[in-house]
Amino acid sequence: MEGYKPVILQGQQTNDDEILEKSPPIDASALGGDSSVIIMELLQRFKVRDVMKRKVLSVPRKASLREAQRIMRESRISGLPISEEGRLYGIVSVNDIILALDGGWIEESCEDHMATNLVVLEAGMPLSFALRYFNNYSYGRFPVLDSNRQLVGVISQRDVMRALLYELSVEIRKLERKTAAITGEGEPAHNVNYFRREYAVVRNDLSSAGHAANEIKKLLKEHKVDRVVARRIAVAAYELEINICIHSHGGILTLVIQDDAVTITAKDRGPGIADIEWACRDGTSTANDWIRSLGFGAGMGLSNSKRVSDEFEIKSEVGKYTRVTCVFRLNKQAEGAAQ
Amino acid sequence: MTLDEVKDAVAGNVAVDVPEAQASCAYASDLLSDVMGHSGEGAVLITIQNHLNTIAVCTLVGTEIIVVCHNREIPPDMAEAAKREGVAIVTTPLSQFAASVALSSLPPVAR
């Protein structure tokens, strides 16, 4: 039996906004009508290509349904595009495979049994289009074509959701900062060397965890903070970032660099810690097996952050929030270097 | 120790090549929080944690070479991140203990 290897296609970033001009205007009612302004704006601002997966598996038309089945099973996907040199010919779905197994035509070629009446999205369309398509059709994903009708990606509801959640957390962060400025928690005017940066941390998004800590480490380097101190700060930032990610409903990591100190603050939106003393003890944790299998959740996060900090404070209210503040004193030498 | 020397010592393969990567000491652990807390600048990390977060931790503690034991496969996102951050990865059929023995000429992390 011939072993077709799936063709892996890497979509190109092309500018095909001209599609927009040919597109009908957005219909707000398709989104439920009462979507908040921020979400509406995000759905407009984002294009399908910003969110879609660019890595697409596909097989040529002559591949057998059995080959398609194997690739779908191995890659755990429920629909396989049939394409040749970027041109999309059809899609074979799990349903087609089941029918073929049942009807005895699993050895026949995809060409003869694939769905050819396809609903596709275009890369330059706003995300609101994608959402409307998901509403109107029962498909879990859509192939994405560029303006030259070349297959450049696949978009699923999950991709849309993830992008929206991430962007929403960024928007919320901006709002919180605005509120903080109004209530006077903002930047003190007398301190000349004051630098503040905030990072949204999303719940359970372990693949992005460490991003903020890494950025912070780079910023500390830019601000010429002593290497050894910078490393301690980065350790605390990473531990706190991971904590927000695996234990909370999400939150914000804040970096403040001043003349004489660097402060890392991690504030989340709950669920809060009932017994802080217990939580800070080395080796105590409420993490689940999944987190532990990745090498976290050993109950060292808070104690690690505490150990590297010069000042450490933790406040929490069950059902509301947890806020951890780590302060790092900058010695004279580092101060001198920063000026 | 250079990347090539580490690779030869553990009879491994270079999965992500960073030719200038160096190691001056070694640390073995599968617990990333433990690595964060106790590993040091310039240590080669001996571990079985073959995922993205390992790279994040190594970048933060200043590790330039990771030895992944039991020939665990390196997922593409991990390899990409390693390349981007300049962290070399060596895979070896050895266990953590055997790899540690093989690299015993390196001192433990100085505390």
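One can find the structure itself at the top, above this paragraph.
Residues numbered from 1 in each chain as written. Chains lettered and ligands numbered in written order. Predicted model: local features only at pLDDT ≥ 70, side-chain atom pairs only at ≥ 80, totals over all residues. Heavy atoms only, no water.

## A word on the overall build of chain B
Scanning chain B for helices and strands turns up five helices and five strands. Within chain B, the proportion of its 111 residues that are buried is 57%. Of the roughly 4,500 Å² of accessible surface on chain B, a fraction of 52% belongs to carbon and sulfur atoms. (Helix = DSSP H or I, 4+ residues; strand = E, 2+ residues; numbered from the N terminus. Buried < 20%, exposed > 50% of the residue type's maximum accessible area, 1.4 Å probe, protein only. Areas by Shrake-Rupley, 256 points an atom, 1.4 Å probe, with all protein chains shown as cover.)

## Topic: the interface of chain B and chain A
Contacts between the two partners involve 22 residues from chain B and, on the opposite side, 22 residues from chain A. Regarding the contact of chain B and chain A, the summed buried area is about 1,800 Å², with carbon and sulfur atoms giving 52% of it. In this assembly, chain B and chain A are joined by two salt bridges. Between chain B and chain A we count ten residue pairs in polar contact (both at pLDDT 80 or more) in total. The element best represented in the side of chain B that touches chain A is helix 3 (residues 52-61) of chain B, accounting for seven residues. Residues belonging to the side of chain B that touches chain A are distributed by class as follows: eight nonpolar, ten polar and four charged. (Contact = heavy atoms within 4.5 Å. Buried area = accessible area lost by both parts, 1.4 Å probe. Salt bridge = Lys/Arg side-chain N within 4 Å of Asp/Glu carboxyl O. Polar contact = N/O pair within 3.5 Å; in protein donor to acceptor, adjacent residues only side chain to side chain. Nonpolar A, V, L, I, M, F, W, Y, C, P; charged D, E, K, R; others polar.)

## A short note on the sheet that holds strand 3 (residues 43-47) of chain B
Residues and elements named next belong to chain B. Read across the open sheet, the five strands follow the order 1-5-4-3-2; overall the sheet is mixed. Either end of the sheet is taken by a strand with one partner, and the two such strands are strand 1 (13-16) and strand 2 (25-28). In this sheet, neighbouring strand axes are inclined to one another by 25° on average, regardless of whether the strands run parallel or antiparallel. The pairing of strand 1 with strand 5 (residues 88-91) spans three bridges and is classified as antiparallel. For Asn13, the partnering residue across the bridge sits in strand 5 and is Thr91. (Pairing = 2+ DSSP bridges. Axes fitted to C-alpha atoms, helices over the stretch in contact; angles between N-to-C directions.)

## Quick look at the pairing of strand 3 (residues 79-84) of chain A
Residues and elements named next belong to chain A. When you tally the buried positions in strand 3, you get five out of six residues, the bulk of the element. Pairing of strand 3 with strand 4 (residues 87-93) involves six bridges; the strand directions are antiparallel. Its bridge partner being in strand 4, Leu80 is matched across the sheet by Val92. Here strand 3 hands over to strand 4 after two residues, with Glu85 in that stretch at a positive phi of 50°.

## Concerning the side chain of A:Ser169
Within the element layout of this structure, A:Ser169 appears in helix 7 (residues 157-182). Of the residues examined, A:Ser169 reaches a relative accessible area of 12% and is grouped as buried.

## Some points on the pattern of salt bridges
Side chains that carry opposite charge are capable of pairing whenever their charged atoms lie near each other. The full count for this structure, using the stated rule, is 16 salt bridges over all chains. In this structure, A:Arg196 engages A:Glu198 in a salt bridge whose closest nitrogen and oxygen atoms are separated by 2.9 Å. Classification of A:Arg196 by relative accessible area gives partly exposed; the value is 25%. Since its relative accessible area comes to 9%, A:Glu198 is described here as buried. Residue B:Glu41 pairs with A:Arg231 through a salt bridge whose shortest N-O separation is 3.7 Å.

## Details of the side chain of A:Arg231
Within the secondary structure, A:Arg231 sits in helix 9 (residues 227-247). Using a relative accessible area of 19% as the deciding quantity, one classes A:Arg231 as buried. Not counting chain neighbours up to four residues away, the residues in contact with A:Arg231 comprise B:Ser39, B:Gly40, B:Glu41, B:Leu60 and B:Val61.

## Regarding the packing of aromatic side chains
Centre-to-centre distance and the angle between the planes together describe a pair of aromatic rings. Residue and element names in this part refer to chain A. With the rule as written, the count across this model stands at seven aromatic pairs over all chains. When the ring of Tyr133 is compared with that of Tyr137, the centres are 5.8 Å apart and the planes differ by 55°; the resulting orientation is tilted. Taking the centre distance of 6.0 Å and the plane angle of 90° together, the rings of Tyr139 and Phe142 count as edge-to-face. The exposure class of Phe142 is buried, given its relative accessible area of 1%. Linked through ring pairs, Tyr133, Phe134, Tyr137, Tyr139 and Phe142 together constitute an aromatic cluster. Over the face of the ring belonging to Phe129 we find Arg132, whose NZ or CZ atom lies 5.2 Å from the ring centre. Of note, Lys267 hangs over the ring of Tyr321, and the distance from its end group to the ring centre comes to 5.4 Å. (Phe/Tyr/Trp six-rings, centres within 6.5 Å; stacked < 30°, edge-to-face > 60°. Lys NZ or Arg CZ within 6 Å of the ring centre and 35° of its normal.)

## Description of the sheet that holds strand 5 (residues 121-122) of chain A
Residue and element names in this part refer to chain A. With respect to topology, three strands assemble into an open sheet ordered 5-6-7, the strand pairing being mixed. Both edges of this open sheet fall to strand 5 and strand 7 (151-156), since each of them pairs with a single strand only. Note that strand 6 (residues 141-145) and strand 7 share five bridges and pair antiparallel. Its bridge partner lying in strand 7, Phe142 is registered against Ile155. Against the sheet, helix 6 (residues 127-136) touches strand 5, strand 6 and strand 7, its axis set at about 60° to strand 7.

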